[in-house]
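Below are the chains, spelled out letter by letter.
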Amino acid sequence: MHDAYRRTLGVAPGASARDALAALASELFADGPAVRPAGHGPAEEADAFRLDHADCGTAAVALAEAAIRAGDPYAVAFIDVRMPPGIDGKETAARIRAIDPDINIVIVTGYSDHGPVDIARAAGPVEKLFYVTKPFDVTGLRQTARALCRRWEVDPDLARTREQLAAEVRRLEERTITLAANEARAVHMASHDPLTGAPNRLAFLRELGERMQAARRRGGFAIGMLDLDRFKNVNDTLGHAAGDELIREVCQRLTVGIGPGPGMVARLGGDEFALLFDAADAAEVLARGERIVRACSTNYMILDHMVQVSASLGLVLVEPGADAGATDPMRLADLALYEAKRGGRSQVRLFDRSMDESARFRHSIEAGLRQAIAKRELEVVYQPIIAREAAEVVGFEALLRWNSAEHGEIPPSVFIPIAEESNLIHDLGEWVTAEALAECRRWPGHFVSINVSARQFRRQDFVDALAARVAAAGISPDRVQIEITETAIFDDDARAAETLRRLRDAGFRVALDDFGTGYSSLFNIRNYALDCLKIDKSFIDGLGREVEAAAIVNSVTHLARSLGMGVVAEGVETETQNQALRLAGCSHLQGFYYGHPADADATAALALAGEAPAQGGHPGAGAVGRP
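Small disclaimer: the values here were computed from a predicted structure and weren't measured.

Chemist: Now, about the packing of helix α3 (residues 57-70) against helix α4 (residues 89-99): what can you tell me, with residues and values included?
Modeler: The contact between α3 and α4 brings their axes to 9 Å, and the two run at 10 degrees. Between α3 and α4, the interaxial angle falls into the category roughly parallel. Counted together, G57, A60, V61, A64, E65 and I68 of α3 and T92, R95, I96 and I99 of α4 form the full contact between these two elements. Split by residue class, the contact of α3 with α4 holds six nonpolar, two polar and two charged.

Chemist: Go over unusual backbone geometry, please, and point to the residues and values.
Modeler: In the segment running from G124 into P125, the intervening peptide bond is cis, with an omega of 20 degrees. Note that P125 resides in the loop between α5 (116-123) and β5 (129-133). Even without being glycine, D304 reaches a positive phi, approximately 70 degrees. Mapped onto the elements of the fold, D304 is located in the loop between β9 (299-302) and β10 (305-308).

Chemist: Residues and numbers for the sheet that holds strand β7 (residues 263-269), please.
Modeler: The strand order β7-β8-β6-β11-β12 describes an open sheet built from five strands, whose pairing is mixed. Looking along the sheet, the strands with just one partner apiece sit at the ends: β7 and β12 (348-350). For this sheet, the mean inter-axis angle between neighbouring strands, taken without regard to orientation, is 20 degrees. Pairing between strand β6 (residues 221-228) and strand β8 (residues 272-278): seven bridges, direction antiparallel. Opposite A222, over in β8, you have F277 as the bridge partner. Across the sheet, helix α7 (residues 201-213) lies against β6, β7, β8 and β11 (311-318), angled at about 25 degrees from β8, the strand it touches most.

Chemist: Break down the pairing of strand β4 (residues 104-109) for me, citing the residues and quoting the values.
Modeler: Counting buried residues in β4 gives six out of six residues, a clear majority hidden from the surface. Where burial is concerned, the two faces of β4 agree: the one with N104, V106 and V108 and the one with I105, I107 and T109 are both buried. When strand β3 (residues 76-80) meets β4, the two strands line up parallel, connected through five bridges. Looking at the pairing, V76 lines up with N104 of β4. Read from β3 through α4 to β4, the crossover connection turns out right-handed.

Chemist: Can you break down the pairing of β9 residue by residue, with the values?
Modeler: Burial along β9 is one-sided: Y300 and I302 are buried, and none of N299 and M301, which face the opposite way, are. In terms of strand pairing, β9 meets β10 through four bridges, oriented antiparallel. Residue pairing in the sheet places M301 in a bridge with M306 of β10. What sits between the antiparallel neighbours β9 and β10 is a turn of two residues, in which L303 has the positive phi angle 50 degrees.

Chemist: Could you give me a rundown of the environment of P85, with the residues and numbers involved?
Modeler: Among the secondary structure elements, P85 is positioned in the loop between β3 and α4. We classify P85 as exposed; its relative accessible area is 81%. For P85 and C56, which are 29 residues apart along the polypeptide, the C-alpha to C-alpha distance reads 7.8 Å.

Reading guide: rules and limits
Residues numbered from 1 in each chain as written. Predicted model: local features only at pLDDT ≥ 70, side-chain atom pairs only at ≥ 80, totals over all residues. Heavy atoms only, no water. Axes fitted to C-alpha atoms, helices over the stretch in contact; angles between N-to-C directions. Helix = DSSP H or I, 4+ residues; strand = E, 2+ residues; numbered from the N terminus. Parallel < 35°, antiparallel > 145°, perpendicular 65-115°, else oblique. Contact = heavy atoms within 4.5 Å. Nonpolar A, V, L, I, M, F, W, Y, C, P; charged D, E, K, R; others polar. Pairing = 2+ DSSP bridges. Buried < 20%, exposed > 50% of the residue type's maximum accessible area, 1.4 Å probe, protein only. Right-handed = clockwise from strand over helix to strand, strands pointing away.

Here it is in structure tokens:
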């Protein structure tokens, strides 16, 4: 039998196939050889194989073990299922497979006590297990041996290729996971604020747009715009790290304060937040808004500093069936926020249509104000300031007037706040200063009093720019009085004190305007470099009618004089007021009783005449009969 294997698998090149067929024609295989490719691989020119023979299963297993130890394993094992006494072909195949996982096993049999499934379970894998039945074709057997030897040679390369492919698949999967994670992070970063982790403007607009689209199917909801009052002071005094920490704390409290149910707190930028929450009616919107403002208007411990913060909130109710579109509700909520901030700190306002009309009017005023200087619609008028002792004009207050071609005469109380909000106040202030200094040069020694807004006063170059303008005009600084409001001082008292000191050092006079209407007291103002106080007109109006008004005027006058300050009573309109104020000891008087604001030429004539204006409140030539 083994000679038959030798003749079939070991035949030399050119040998007759008929000789091999004759040797095998009447033979059946009882056992089989283990085959190595000649020279460890089939020759290109021949199909010679190196053969080892085993007479029983145990011997075949021993050959396989020895080959593995020698590092020269077999490519193919031909095994008959029925063996001489000992282990059968199935067990032999199983043991050889356990020794050499890479060997190809060919089961050669005409009859078997075991089915292919049983053998595969014992000696698999299936792709390395083959069957040849007796009798078999010699050519087919040689082709099988040749193919399996070739396969055995390429299997390691194939295995390496498969492993490389598997590794590449794993890398691709890992890259896919990484890309998915990066994409998720990018989406999160694109829609969330990096400081607080809260949704940003993009996410808020997306959510608002979805809610507006669904407004016809679901109940109403509210949009809120909230920002912190005087947040800039925290950044300026404690630094931006403290400001960032405060923003994070406020965001957390807002998230808690918005309450249960579907809602959103988004940070739009700076100290501005946007809110969304469900609400059925205006009463519920205002109630929840009040709770939200109370939640974040409190004390915070920021970087070991106690910081007191308040917030203003503007709200708009979007009712079921509202038109889709996110921009308009946000604009309306902004208008409500503007009204809240105008009302003071910790205020909540719900939008109504009058706010929109007011906003349109303010926009129209702002647009007109930008062109007013070029169109020569603005005018500076001057009201005399009288010294009490000599009863003569010693100075004039410069007052701005606007006669709009579109709206007619617009009071300063209307357009000045709009100019401050839009930063036009800087251009207006410079123009008024230039006009007032030019007129002051026409007067024989009178001073001019110029009103300065809080925004102008807080500019870092305010004092230097003013001194340069006055020097360029050829006027002594002691002929220029700067009037500031209490707000300009107490919004940032440390910086204000430094600015006031520099003004005084430069030779300017400084007056605190509208004293008594803001936050100040004589105890506070004694720490500032002031020349005089101007008692607000509201106290002057009560003289002769209210005991409290007289007591306040007398107290202010007495204490101011004890601090070396002058006192200007503005808004003097009657003889009774005039007498009471003179008796109280006011150093200067100003009001309709002594003269209405007049244009530049009339003012220059009055100054050059060297006389006090006619008393009794009758406007003279060129007077402008407006406060």
